[in-house]
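Fold and geometry: a report
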Amino acid sequence: MQLSAKGSINRSYEILDANKNTIATVVYPSRFKYRSAEITAGNRMWHTQPAQWLTRRIEILDNDTVAGMMKFKGMNSFQLQLTGHPTYTIRRVGFLRTHVGLFTEAGMEIVKVTQPNKWAFRTLELEIETDDNYAEAKDPLILSCVIWYINYLRAAANASA
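Quick summary incoming for the structure in this document. (Residues numbered from 1 in each chain as written. Predicted model: local features only at pLDDT ≥ 70, side-chain atom pairs only at ≥ 80, totals over all residues. Heavy atoms only, no water.)

Turning next to the overall build of the chain. Within the chain, the regular secondary structure consists of 1 helix and 12 strands. Seen along its three principal axes, the alpha-carbon backbone of the chain occupies a region of about 40 × 35 × 35 Å. Taking all 161 residues of the chain together, 44% fall into the buried category. Pairs at least 24 residues apart make up 30% of the contacts formed inside the chain by residues separated by at least 6 positions. Summed over all atoms, the accessible surface of the chain reaches about 9000 Å², with 51% contributed by carbon and sulfur. Charge centroids of the chain, computed over 19 positive and 15 negative side chains, lie 11 Å from each other. (Helix = DSSP H or I, 4+ residues; strand = E, 2+ residues; numbered from the N terminus. Buried < 20%, exposed > 50% of the residue type's maximum accessible area, 1.4 Å probe, protein only. Contact = heavy atoms within 4.5 Å. Areas by Shrake-Rupley, 256 points an atom, 1.4 Å probe, with all protein chains shown as cover. Lys, Arg positive; Asp, Glu negative; His and termini not counted. Charge placed at Lys NZ, Arg CZ, Asp CG, Glu CD.)

Attention shifts here to the pattern of salt bridges. Note on pairing: side chains with opposite charge can pair once their charged atoms come close. Under the counting rule described, the total for this entry stands at 2 salt bridges. Across the salt bridge formed by Asp-62 and Arg-44, the nearest N and O atoms sit 2.7 Å from each other. One end of the pair, Asp-62, is in strand β6 (residues 57-62); the other, Arg-44, is in strand β5 (residues 44-50), with 18 residues separating them in the sequence. Notably, a salt bridge pairs Lys-138 with Asp-132, separated by 3.9 Å at the nearest N-O pair. We classify Lys-138 as partly exposed; its relative accessible area is 28%. (Salt bridge = Lys/Arg side-chain N within 4 Å of Asp/Glu carboxyl O.)

Before going further, it helps to spend a moment on the packing of aromatic side chains. All chains considered together, the criterion is met by 7 aromatic pairs. With 5.6 Å between their ring centres and 55° between their planes, Phe-78 and Trp-148 make a pair best called tilted. Here Phe-78, found in strand β8 (residues 77-82), pairs with Trp-148, found in helix α1 (residues 140-160); they are 70 residues apart in sequence, far enough to count as distant. The same class applies to Phe-78 and to Trp-148, which are both buried. Where Phe-78 meets Tyr-152, the ring centres are 5.9 Å apart and the plane angle is 55°; that geometry is what we call tilted. Separated by 74 residues along the polypeptide, Phe-78 in strand β8 and Tyr-152 in helix α1 bring together distant segments of the chain. A relative accessible area of 13% places Tyr-152 in the buried class. Through a chain of ring-to-ring contacts, three or more aromatic side chains come together here, namely Phe-72, Phe-78, Trp-148, Tyr-149 and Tyr-152. The residue whose ring lies beneath Arg-91 is Phe-103, and the NZ or CZ to ring-centre distance is 4.1 Å. (Phe/Tyr/Trp six-rings, centres within 6.5 Å; stacked < 30°, edge-to-face > 60°. Lys NZ or Arg CZ within 6 Å of the ring centre and 35° of its normal.)

Let's shift gears to the pairing of strand β7 (residues 65-72). Both β6 and β7 contribute to a ladder of 6 bridges, which runs antiparallel. For Asp-62, the partnering residue across the bridge sits in β7 and is Thr-65. Taking the residues that link successive antiparallel strands as the turn, the β6-β7 hairpin has 2 residues, and the phi of Asn-63 there is positive, at about 55°. Relative to β8, β7 runs antiparallel, the two sharing 5 bridges. Following the sheet pairing, Met-69 is matched in β8 by Gln-81. (Pairing = 2+ DSSP bridges.)

All quantities given are derived from atomic positions and should not be read as evidence of function.
Below, the structure is given as structure tokens:
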């Protein structure tokens, strides 16, 4: 399945289906707070926030209930654990780290996200390719977590530059 995402200035992102209908949104409170976000899909809403002060874990909250956790697992890798789902890995892939992939516990890449215009600074357009054999590859929360990870990498790179 072919999807896309559009974002602007590290502040808000929309995940769009093939007909350009919004599936989910990821909105940050400001350009400089890239660990806390609000994820909306349909009539459901989740929030991301650091699990503790100075920690490398991010909680995903559904009405103040922990619905999942994202953990750093090395330089370019995150582990995604959602309640009722297996554990996934989100990481940069390729010789020159050309795309971001979502991997199952068995190591199967089920989502591939690429940026066609690598020189875009203020806006971000992404192409999302999902494996139709995996229902979780179309889950708006999981796709939003992948977009969150990409924005996290962008914000960290801009902060160190």
